[in-house]
Amino acid sequence: MSGTTLTAFFLLVAAAMGTARFLGAVARRLGQPPLVGEIVAGLLASPTLLAPLGAGPLIPAGVRPPLTALADVGLAALMFVIGYELDASSLRGRQRSVLGLTAGSILLPLAGGAALAVPLAGNYAAGDRTVFVVFVGVALSITAFPVLARILADRGLTSKPLGTLTLTSASIGDLIAWLCLAAVAAWAGSSGQWRIVLLPGYLLLLQFAVRPLLAAAVRRAARRNLSGAHLLPVFLVGLMCSCAATEWLGVHFVFGAFALGAVAPRKGPGGLLTQVEQGMGQVGHLLLPLYFFLAGTAVDLSGFGTGDVLALAAVVGTAVVTKVAGAYAGARCSGLPHGTALPAAVLMNTRGLTEIVIAAAALDLHIIDRDFYSIMVVMALVTTAMTGPLLTLLGVPARTGAEDATAPARPPAGTAGRPGLVLDKS
């Protein structure tokens with residue numbers, strides 16, 4: 001990059017991160033996850049507001065690629081932490097309720113989203129219409145584990161039965177979402193489509209080769225009395241290689257980051273792995289506001305006509321109704337009482353991060369066009385922002401006076417001894 005481009009790059013990083021952080025803090029003061037404010041910061045620099053004013057884009061074409069790359073590193077770090085936080089032990093003793101809630105929250109939105117997508121495909125599918133229909137079904141079935149965890153932490157519900165139930169269900173749903181994304185990406189016919197057949201082999205390589213190598217690196221660091229800071233570069237190199245590998249296989253890089261986190265060793269001497277997880281979480285916490293800012297700048301509602309507005313209303317309405325109804329029905333069928341099933345269903349309607357990442361991946365893979373990407377981002381914002389007020393309406397308490405709202409969130413059941421960094425970032 002030239003000196004002028006570098007100057008613009010550094011200034012835009014400062015402006016984007018500063019604005020996103022500020023509006024994220026404002027959103028939190030209003031009882032919303034910071035993600036809402038960070039995306040709003042991007043909307044302020046998007047064509048939605050600038051085009052009617054006759055202003056051009058604030059981010060020069062030559063600066064957007066490095067900004068996006070920097071934001072993607074933060075996203076990859078957070079996806080590693082999300083994969084690492086998955087804990088199968090949290091299913092013990094509650095398999096029926098967790099699986100009932102999970103199944104209901106996925107199946108009805110999946111069917112409703114696919115049905116809605118059929119008439120929308122002619123206007124918004126960027127490629128194969130069948131792929132578009134499947135993608136919309138998958139997208140509407142998503143619950144965003146990181147944002148849900150933040151909401152629960154802010155209300156002091158993380159370690160309560162309602163919190164552990166919905167966190168476990170959402171983590172399973174996130175795993176299913178990334179697997180479905182991998183399948184949809186292959187179906188979409190991305191470059192090197194034949195390589196997708198190598199994905200199962202790559203996952204086996206991660207489990208039986210990469211995991212032991214990382215465990216050996218942890219033991220070696222412990223023998224030499226090194227801190228987790230010395231191990232973090234090893235895991236970062238592995239993270240970047242895993243992201244590159246899945247991109248080469250024709251799957252979005254977030255799947256590689258998530259998969260590496262899921263297979264990473266959990267036990268190590270001296271708390272070294274906890275320090276590594278904290279380091280990864282800090283990278284994600286630092287850079288992720290830039291990702292959400294850029295996601296907001298890509299939203300363009302300036303050219304929306306009546307048909308687009310109706311499509312937006314239909315997507316939001318279908319997403320909310322099918323998610324809440326499906327999750328509630330699944331919870332009730334599994335034996336949960338109404339007083340638990342309804343708040344759980346409202347919580348499972350939270351989308352946020354996962355929805356936006358998958359929408360961005362679909363845009364990159366030419367599954368959806370930019371108008372439908374804008375619709376998906378708005379839907380993610382609405383379903384995230386409505387969760388807190390609905391919980392208050394249902395009488396789900398916020399933190400009591402006995403719980404310090406500034407204290408770190410306690411990790412969900414089954415993650416004792418690990419800091420639950422996902423809870424600190426939406």
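The structure presented is a predicted model; accordingly, all values stated were derived computationally and were not measured.

Enquirer: I'd love a proper account of the overall build of the chain, names of residues and values included.
Expert: In terms of regular secondary structure, the chain is built from 17 helices and zero strands. For the chain, restricting intrachain contacts to residue pairs at least 6 apart in sequence, the fraction spanning at least 24 positions comes to 83%. For the chain, the exposed area adds up to about 17,100 Å²; of that, 67% sits on carbon and sulfur atoms.

Enquirer: An account of helix H1 (residues 3-29) is needed here, citing residue identities and associated values.
Expert: Under the 1.5 Å per step criterion, the end-to-end length of H1 is 39 Å for 27 residues, consistent within 8% with the ideal 39 Å. Within H1, the full set of buried residues consists of Phe9, Leu12, Val13, Ala16, Met17, Ala20, Leu23, Gly24 and Ala27. Packed against the buried residues of H1 are helix H2 (34-44), helix H4 (64-85) and helix H12 (272-297).

Enquirer: Before we move on, could you go through the environment of Leu101 and cite the residues and values that matter?
Expert: Relative to the helices and strands, Leu101 is located in helix H5 (residues 95-124). Owing to a relative accessible area of 0%, Leu101 belongs among the buried residues under this scheme. When the C-alpha positions of Leu101 and Ala345 are compared, they lie 7.9 Å apart, and in sequence the two are 244 residues distant. Look past the residues within four positions of Leu101 in its chain and what remains in contact with it is Leu165, Thr166, Ser169, Ala327, Gly330, Ala331, Ala344 and Met348.

Enquirer: Help me get a handle on the packing of helix H13 (residues 306-333) against helix H16 (residues 370-385), residues and values and all.
Expert: Running from N to C, H13 and H16 point in directions that differ by 40 degrees, and their axes come no closer than 10 Å. Of the possible angle classes, the one that applies to H13 and H16 is oblique. Of the two possible hands of crossing, H13 and H16 adopt the one that is right-handed. In this structure, H13 uses Asp308, Ala311, Leu312, Val315, Val316, Ala319 and Val320 to contact H16, whose residues at the interface are Phe372, Ile375, Met376, Val378, Met379, Val382 and Thr383. For the contact of H13 with H16, the residue count by class is 12 nonpolar, one polar and one charged.

Enquirer: I'd like a rundown of the pattern of salt bridges, residues and numbers included.
Expert: On inspection of all chains with the given rule, the structure shows one salt bridge. Across the pair Glu355 and Arg351 runs a salt bridge, and its minimum N-O distance is 3.5 Å. Judged by its relative accessible area of 0%, Arg351 is buried.

Enquirer: Let's hear about the side chain of Thr143: which residues, and what values?
Expert: Relative to the elements of secondary structure, Thr143 occurs in the loop between helix H6 (129-140) and helix H7 (145-154). On the accessibility criterion, Thr143 (3% relative accessible area) is buried. Side chain to side chain, Thr143 and Lys323 meet in a polar contact 3.1 Å long. A distance of 2.5 Å separates a polar side-chain atom of Thr143 from the backbone oxygen of Met348. If sequence neighbours within four positions are ignored, Thr143 has contacts with Leu148, Ala170, Asp174, Lys323, Leu347, Met348, Thr350 and Thr354.

Enquirer: Explain the packing of aromatic side chains to me, using residue names and the numbers behind them.
Expert: The final tally for this structure, using the stated rule, is six aromatic pairs. Consider the rings of Phe80 and Tyr84, whose centres lie 6.2 Å apart with planes at 20 degrees: the pair is stacked. Taken together, the residues span about one helical turn, with Phe80 and Tyr84 both in helix H4 at a distance of four residues. We note that Phe80, like Tyr84, is buried. Here the aromatic rings of Phe80 and Phe235 are separated by 6.3 Å at their centres, their planes lie at 80 degrees, and the arrangement is edge-to-face. Taken together, the residues span a long stretch of sequence, with Phe80 in helix H4 and Phe235 in helix H10 (residues 228-248) at a distance of 155 residues. Of the residues examined, Phe80 reaches a relative accessible area of 2% and is grouped as buried. Among the aromatic residues, those joined into a ring-pair cluster are Phe80, Tyr84 and Phe235. Lying over the aromatic face of Tyr84, Arg266 brings its terminal NZ or CZ to 4.6 Å of the ring centre.

Enquirer: Requested: an account of the packing of helix H8 (residues 161-187) against helix H11 (residues 253-263), with residues and values cited.
Expert: With their axes 10 Å apart at the nearest point, H8 and H11 run at an angle of 140 degrees to one another. Our classification of the angle between H8 and H11 gives oblique. Once H8 is placed against H11, the crossing between them reads as left-handed. In this structure, H8 contributes Leu175, Trp178, Leu179, Leu181 and Ala182 to the contact, and H11 contributes Val254, Phe255 and Phe258. For the contact of H8 with H11, the per-class residue count stands at eight nonpolar, no polar and no charged.

Enquirer: Give me the side chain of Ser105: which residues, what numbers.
Expert: Mapped onto the fold, Ser105 is located in helix H5. By relative accessible area, which is 2% here, Ser105 ends up buried. Polar contacts involving the side chain of Ser105 include one to the main-chain carbonyl oxygen of Thr102, which spans 2.9 Å. The contacts of Ser105, once residues within four sequence positions are left out, are Ser141, Lys323, Gly326, Ala327 and Met348.

Calculation rules
Residues numbered from 1 in each chain as written. Predicted model: local features only at pLDDT ≥ 70, side-chain atom pairs only at ≥ 80, totals over all residues. Heavy atoms only, no water. Helix = DSSP H or I, 4+ residues; strand = E, 2+ residues; numbered from the N terminus. Contact = heavy atoms within 4.5 Å. Areas by Shrake-Rupley, 256 points an atom, 1.4 Å probe, with all protein chains shown as cover. Expected span 1.5 Å × (residues − 1). Buried < 20%, exposed > 50% of the residue type's maximum accessible area, 1.4 Å probe, protein only. Axes fitted to C-alpha atoms, helices over the stretch in contact; angles between N-to-C directions. Parallel < 35°, antiparallel > 145°, perpendicular 65-115°, else oblique. Left-handed = near helix turned anticlockwise from the far one by under 90°. Nonpolar A, V, L, I, M, F, W, Y, C, P; charged D, E, K, R; others polar. Salt bridge = Lys/Arg side-chain N within 4 Å of Asp/Glu carboxyl O. Polar contact = N/O pair within 3.5 Å; in protein donor to acceptor, adjacent residues only side chain to side chain. Phe/Tyr/Trp six-rings, centres within 6.5 Å; stacked < 30°, edge-to-face > 60°. Lys NZ or Arg CZ within 6 Å of the ring centre and 35° of its normal.

Remember that the coordinates give geometry; whether it matters functionally is a separate question.
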